[in-house]
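Observations on the model geometry
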Amino acid sequence: MNAVLYYSATGQSEKIARYIAQKTAFEAADILSLEHKEFDNAAIVFPVHCQSIPRPVKQCLNDIVVGNLTVIAVYGRMCHGNVLREIQNKYAHNIVAAAYVPAKHAYLPDKSFDRFDELQPLLDKMFRPAPVEIPKAFRNPLSDVFKKWRSRMGVKLYRDDSCYGCGVCDGVCPYGAINKGKPNRKCIRCLACAARCPKNALHADNRFFMRLYLKKKKTDDLEIFV
């Protein structure tokens, strides 16, 4: 079986995953509801969170068995960290291709990724698989320090009066970090809840230090390793 697996909080990674699935004729599947665990060929597409691999992606990489794996990290045009090399070093998968893809930052009204034609070398390599060596990239040594606390201090997440407690946000949060629109200390501000709220009742406001951080120079570097 061949598949494009994805974890997507705000929809950016899913969009890229579905493009790849369409071009390769692979099945597209959300890793949060996987029915199969064994694949001949698979790609996994996911967002970078605080220069780290999201917890659901780590769990998926532990659970699946893949003959040839392509890994695609989607980052918000800031620093993507070293996640691809970390996956190659930590998980027992034969990685045949990889990419860092710049996309809309969850906390900014940026443009979505639209340079799909530039992914062609990645798609070609998926059909002539051979091991690839992913180079080490810079990762801020402080990126793991109080990540959840920094997220909560950087972004205010709140609900407005249109929230009627439907619980959709509870079901889509992979961290168990929200209850009927009220986030708790597990929240990393991935904004999956806000993106899927049927009433658009959840909102995120960047606080001063986050606004300052987001003023840093952005990058549109698409890095492909084949």
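Report on the accompanying structure. Within any chain, residue numbers begin from 1 and follow the written order of that chain's sequence. Residue-level local features of this predicted model are given only where pLDDT is at least 70; pairs of side-chain atoms are given and counted only at 80 or more, and the full residue set underlies all totals for whole chains, interfaces and linings. With hydrogens and water stripped out, all remaining heavy atoms of the structure feed into the side-chain values.

On to empty space enclosed by the protein, then. Throughout, the protein atoms alone are placed on a 1 Å grid, and a set of points is a cavity if a 1.4 Å probe fits but cannot get out or a pocket if it is open with protein on both sides within 12 Å along at least five of seven lines; lining residues have an atom within 4 Å of a point. Grid points are joined across faces, edges and corners, and a volume is the space filled by probe spheres set on the points. Counted under the stated rule, the structure contains four cavities of 30 Å³ or more. One number sums up the size of the largest cavity: a volume of about 100 Å³. Taken together, 13 residues form the lining of the largest cavity, with Cys163, Cys166, Cys169, Cys197 and Ala201 sitting closest to its centre. Split into classes, the residues belonging to the lining of the largest cavity amount to seven nonpolar, three polar and three charged. In this structure, the second largest cavity is lined by Cys173, Tyr175, Ala177, Ile178, Cys187, Ile188, Arg189, Cys190, Leu191, Ala192 and Cys193. When residues are grouped by polarity, Ala, Val, Leu, Ile, Met, Phe, Trp, Tyr, Cys and Pro land in nonpolar, Asp, Glu, Lys and Arg in charged, and all others, Gly among them, in polar. Residue composition of the lining of the second largest cavity, grouped by class: 10 nonpolar, no polar and one charged.

Before going further, it helps to spend a moment on helix α2 (residues 55-63). Burial classes follow relative accessibility: with a 1.4 Å probe on protein chains only, a residue under 20% of its type's maximum area counts as buried, one over 50% as exposed, and anything between as partly exposed. Runs of H or I in DSSP of at least four residues are treated as helices and runs of E of at least two as strands, each being numbered from the N terminus. For α2, the full list of buried residues reads Pro56, Val57, Cys60 and Leu61. Axial view of α2: buried residues confined to an arc of 135°, hence all on one face. Buried positions along α2 lie against β1 (2-6), β3 (38-47), β4 (65-75) and α3 (83-90). The arc in question is traced by the directions running from the helix axis to the C-beta atoms. Contact definition: two residues touch when any of their heavy atoms are within 4.5 Å.

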